[in-house]
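# Geometric and topological summary
If you want the building blocks of each chain, they are given just below.
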Amino acid sequence: MSHAEIDPNPPTEEAPSPLSVMDEFEQGPLVAILIGSESDRERMQGAIDELDSRGISNELRVLSAHRNPREVADYAATAAVRGTRIIIAAAGMSAALPGAVAANTDLPVIGVPLTSSKTAAGGLDAILAIVQMPPGVPVACVSLDGAKNAAILAAKILAQGGGYPDDPRRPQAEK
Ligand code: RP5
């Protein structure tokens, strides 16, 4: 075809697949485990093992409240629509991650204070950071390095099923 001719069927740009557009909302795990650093991974392996042993879907992501604040907020804010029911957030030192997650989701958040090679106070620093959430933004804090306990608590919460029986906004059944 010469340059002067017009192709009646010009190649069109490929439209994005609807699936790629929906990636953000793909089915997530029932329990998400977030850690503040790759250096926390080993300490949280017990949570993965416990959830796996109970057949509870889970995923672990490394997201730091201080180094990746936007990603933390995005992940927390979209977790519920992906089907996630509980977020376990573990961090050491100033340990802002559980609180930053709780600030961006209505899902229950379980915080795990971790010891760290660089800690200033043997893990007490992380405990104090996680137990001092302001009223209205709760985080359930488990024991220091309590990966297994966090997973067991998540399993117990899941076993309660959905719904808020005491929520006054819930429509009452007619008597
Ligand atoms: C925290 O700082 C992390 O959760 C980790 O426990 C600690 C040290 O992080 P790295 O400097 O090893 O990445 O935010």
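So, about the site of the ligand. Neighbouring the ligand are the residues Gly 36, Ser 37, Ser 39, Asp 40, Arg 67, Ala 91, Gly 92, Met 93, Ser 116 and Lys 118. Measuring from an oxygen atom of the ligand, one finds a side-chain N or O atom of Ser 37 at 2.6 Å. Here an oxygen atom of the ligand sits 3.1 Å away from a polar atom, N or O, in the main chain of Gly 92. Protein chains bury 83% of the 360 Å² of accessible surface belonging to the ligand in isolation. In terms of residue class, the shell around the ligand is built from two nonpolar, five polar and three charged.

Moving on, we come to the sheet that holds strand 1 (residues 31–35). Read from one edge to the other, the open sheet built from five strands follows the order 2-1-3-4-5, with strand pairing classed as parallel. If you trace the sheet from one side to the other, it starts and ends with strand 2 (58–62) and strand 5 (140–141), each paired once. By the bridge criterion, two bridges tie strand 4 (residues 109–114) to strand 5 in an arrangement that is parallel. Paired with Gly 111 across the bridge in strand 5 is Cys 141.

Let us look at the pairing of strand 2. With five bridges joining them, strand 1 and strand 2 adopt parallel strand pairing. Directly across from Ala 32, in strand 2, lies its bridge partner Glu 59. Where the polypeptide runs from strand 1 across helix 2 (residues 41–53) and back to strand 2, its parallel neighbour, the crossover connection is right-handed.

This next bit is on the environment of Gly 99. Here Gly 99 is to be found in helix 4 (residues 97–102). Expressed as a C-alpha distance, the spacing of Gly 99 and Val 109, which sit ten residues apart in the sequence, is 8.4 Å. Beyond its immediate sequence surroundings of up to four residues, Gly 99 is in contact with Met 133 and Val 139.

All chains considered together, the criterion is met by four salt bridges. The residue Glu 59 makes a salt bridge to Arg 61 at a minimum N-O spacing of 3.7 Å. Here the salt bridges do not stand alone but share partners, grouping Glu 50, Arg 54 and Lys 148 into one network.

Averaged over all residues, the pLDDT of the protein chain is 87; the fraction at 70 or higher stands at 77%. A low-confidence stretch, residues 16–22 (pLDDT under 50), is modelled with one contact involving residues beyond four sequence positions or located in other chains. Ignoring residues within four places in sequence, the model shows residues 163–170, a span with pLDDT below 50, making two contacts including any to other chains.

Note on strand geometry: in a regular strand, side chains alternate between the two faces of the sheet. For strand 3 (residues 86–92), the tally of buried residues reaches seven of seven residues, placing the bulk of the element in the interior. Residues Ile 86, Ile 88, Ala 90 and Gly 92 of strand 3 are buried on one face, and the alternating residues Ile 87, Ala 89 and Ala 91, pointing to the opposite face, are buried as well. The sheet contact formed by strand 3 and strand 4 spans six bridges and is parallel. Paired with Gly 92 across the two strands is Leu 114, which belongs to strand 4. Traced from strand 3 through helix 4 to strand 4, the parallel crossover comes out right-handed.

Turning our attention to the environment of Ile 56. Looking at the element boundaries, Ile 56 is found in the loop between helix 2 and strand 2. Along the backbone, Ile 56 and Val 31 are 25 residues apart, and their C-alpha atoms lie at a distance of 7.4 Å. With residues up to four places along the chain from it excluded, the contact list for Ile 56 reads Leu 30, Val 31, Leu 51, Ala 155 and Leu 158.

If you look at the biggest cluster of nonpolar residues, it comprises 22 residues, and the most contacted ones within it are Val 31, Ile 33, Met 44, Ile 88, Ile 110 and Val 112. Elements represented by at least two residues in this core include exactly strand 1, helix 2, strand 3, strand 4 and helix 6 (147–159). In terms of residue count, helix 6 provides more of this core than any other element does, six residues in total. With 20 residues, the next largest nonpolar core counts Ala 65, Ile 87, Leu 97 and Val 101 among its residues.

Cut-offs used in this document
Residues numbered from 1 in each chain as written. Predicted model: local features only at pLDDT ≥ 70, side-chain atom pairs only at ≥ 80, totals over all residues. Heavy atoms only, no water. Near = heavy atom within 4 Å. Polar contact = N/O pair within 3.5 Å; in protein donor to acceptor, adjacent residues only side chain to side chain. Areas by Shrake-Rupley, 256 points an atom, 1.4 Å probe, with all protein chains shown as cover. Nonpolar A, V, L, I, M, F, W, Y, C, P; charged D, E, K, R; others polar. Pairing = 2+ DSSP bridges. Helix = DSSP H or I, 4+ residues; strand = E, 2+ residues; numbered from the N terminus. Right-handed = clockwise from strand over helix to strand, strands pointing away. Contact = heavy atoms within 4.5 Å. Salt bridge = Lys/Arg side-chain N within 4 Å of Asp/Glu carboxyl O. pLDDT = per-residue confidence, 0-100. Buried < 20%, exposed > 50% of the residue type's maximum accessible area, 1.4 Å probe, protein only. Core = buried A, V, L, I, M, F, W, Y, C linked by side-chain atoms within 4.5 Å.

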